[in-house]
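What follows is each chain in one-letter form.
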Amino acid sequence: MGSRASTLLRDEEIEEIKKETGFSHSQITRLYSRFTSLDKGENGTLSDACRCLTDELFVVEHARTAILQPTREDFQRIPELAINPLGDRIINAFFPEGEDQVNFRGFMRTLAHFRPIEDNEKSKDQNGPEPLNSRSNKLHFAFRLYDLDKDDKISRDELLQVLRMMVGVNISDEQLGSIADRTIQEADQDGDCAISFAEFVKVLEKVDVEQKMSIRFLH
């Protein structure tokens, strides 16, 4: 599998992805190989793939290059995403604004948010570019799942929409409204009846985001 991926991914491409995402050479080729082995018809359509989910988010263990570009419909056929209440929001995170396809490099950039922070990375030059798997970037990723209109704030309506996605019809609208109101009341520090990113970060300051939004990829 690794040799097949190596023939389709040039060494310079792999090196660029390593620098950008922090994934190792073997992880990159393994992720690509998994996808190509699933693309039975070799027609560039991702028919099924996905292996693990975190408690609230997810991790997908497959990928493709610019030649193989999965669409939103391809992702929607992944069973684990199809049944995830936030599946559509997760899928959207992989696609650039206005785009319906994603290439391998873009896929790996998104996936990199879930790469654990290794011990040897904690002592790296603080003046360098912020890693995609930093606590801040993980929080930005989570925040965007709630910020449906991308105005950098989570409104009551947006919070209600996401809560409804997560609980379905198990809670009444009145109960859901009370949860949303209480959440915003506790988080809102500037009185605008919404949750900014800074307020979102404050609410989660004692949460081990690095652990909850990390998946151990095979080396």
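Residues numbered from 1 in each chain as written. Predicted model: local features only at pLDDT ≥ 70, side-chain atom pairs only at ≥ 80, totals over all residues. Heavy atoms only, no water.

Asker: What am I meant to see in the nonpolar core here?
Answerer: The nonpolar side chains of a soluble globular protein tend to be buried with one another. Counting residues in each nonpolar core, the largest one holds 43 residues, and the members touching the most others are Ile28, Phe75, Met108 and Phe200. If you list the elements that add at least two residues to this core, you get helix 2 (11-21), helix 3 (25-38), helix 6 (87-93), helix 7 (104-111), helix 8 (135-146), helix 9 (156-167), helix 10 (173-187) and helix 11 (197-203). Ranked by residue count, the leading element in this core is helix 8, at six residues. With residues up to four places along the chain from it excluded, the contact list for phenylalanine 200 reads Leu139, Ala142, Phe143, Tyr146, Ile154 and Ile195. (Core = buried A, V, L, I, M, F, W, Y, C linked by side-chain atoms within 4.5 Å. Buried < 20%, exposed > 50% of the residue type's maximum accessible area, 1.4 Å probe, protein only. Helix = DSSP H or I, 4+ residues; strand = E, 2+ residues; numbered from the N terminus. Contact = heavy atoms within 4.5 Å.)

Asker: Would you mind showing me how to read the packing of helix 9 against helix 10 here?
Answerer: Geometrically, a packed helix pair is captured by the angle between its two axes and the distance between the axes. For the pair helix 9 and helix 10, the least separation of the axes is 10 Å and the interaxial angle reads 125°. Of the possible angle classes, the one that applies to helix 9 and helix 10 is oblique. Relative to helix 10, the crossing made by helix 9 is right-handed. Each of Arg156, Leu159, Leu160, Leu163, Arg164 and Val167 in helix 9 lies in contact with helix 10, whose residues at this interface are Asp173, Leu176, Gly177, Ile179, Ala180, Asp181, Thr183 and Ile184. (Axes fitted to C-alpha atoms, helices over the stretch in contact; angles between N-to-C directions. Parallel < 35°, antiparallel > 145°, perpendicular 65-115°, else oblique. Left-handed = near helix turned anticlockwise from the far one by under 90°.)

Asker: Explain the packing of aromatic side chains to me, please; I cannot follow it from the model alone.
Answerer: Given two aromatic rings, their pairing is described by the distance between the two centres and the angle made by the two planes. Within this structure, the stated rule accounts for five aromatic pairs. With centroids separated by 4.7 Å and ring planes inclined at 25°, the aromatic side chains of phenylalanine 94 and phenylalanine 107 adopt a geometry described as stacked. Of this pair, phenylalanine 94 sits in the loop between helix 6 and helix 7 while phenylalanine 107 is found in helix 7, placing the two residues 13 residues apart along the sequence. Phenylalanine 94 gets classed as buried once you look at its relative accessible area, which sits at 2%. Residue classification places phenylalanine 107 among the buried positions, given a relative accessible area of 2%. Note on phenylalanine 143 and phenylalanine 197: the rings are 5.6 Å apart at their centroids and 85° apart in plane angle, and the pair reads as edge-to-face. Here the residue phenylalanine 143 occupies a position in helix 8, and phenylalanine 197 occupies one in helix 11, the gap between them amounting to 54 residues. As far as the burial class goes, phenylalanine 143 and phenylalanine 197 line up, both buried. (Phe/Tyr/Trp six-rings, centres within 6.5 Å; stacked < 30°, edge-to-face > 60°.)

Asker: I tried to follow helix 7 on my own but got confused; where do I start?
Answerer: In terms of burial, helix 7 is largely enclosed, as six of its eight residues are buried. Those residues of helix 7 that fall on the buried side of the exposure criterion are Phe104, Gly106, Phe107, Met108, Thr110 and Leu111.

Asker: Please clarify how the pattern of salt bridges should be interpreted in this entry.
Answerer: Working definition: two side chains of opposite charge can pair if their charged atoms are close together. Counted by the stated rule, this structure contains twelve salt bridges. Here arginine 105 and glutamate 16 are joined by a salt bridge, their closest N and O atoms 2.8 Å apart. Taken together, the positions of arginine 105 in helix 7 and glutamate 16 in helix 2 put the pair 89 residues apart, joining distant regions of the chain. The class for arginine 105 is partly exposed, based on a relative accessible area of 32%. Two residues, arginine 135 and glutamate 210, come together in a salt bridge whose shortest N-O distance is 2.9 Å. (Salt bridge = Lys/Arg side-chain N within 4 Å of Asp/Glu carboxyl O.)

Asker: Please explain the confidence of the model for the chain as it appears in this structure.
Answerer: In low-pLDDT regions, the fine details of the predicted coordinates are not to be read closely. Chain-level pLDDT for the chain is 78 on average; 74% of the residues reach the 70-or-more range. At the low end of the mean pLDDT range in the chain sits helix 1 (residues 2-8), at 53; at the high end sits strand 2 (residues 194-196), at 98. Overall, residues 37-41 carries pLDDT values under 50, and its contacts beyond four positions in sequence, including any with other chains, amount to ten contacts. Per-residue pLDDT stays below 50 along residues 43-67; that stretch engages in 89 contacts with residues further than four places along the chain or on separate chains. (pLDDT = per-residue confidence, 0-100.)

Asker: Before we go on, may I ask you to explain the UniProt feature "domain: EF-hand" (unreviewed entry) in the chain in this structure?
Answerer: Sequence positions flagged by UniProt for "domain: EF-hand" (unreviewed entry) are, in local numbering, residues 138-166 and 179-207. For residues 138-166, the helix share is 69%, the strand share is 10%, and the end-to-end C-alpha distance is 20 Å. Across residues 179-207 one finds 55% helix and 10% strand; the C-alpha atoms that close the span lie 19 Å apart. (UniProt positions renumbered as here; feature names shortened; annotations may be inferred.)

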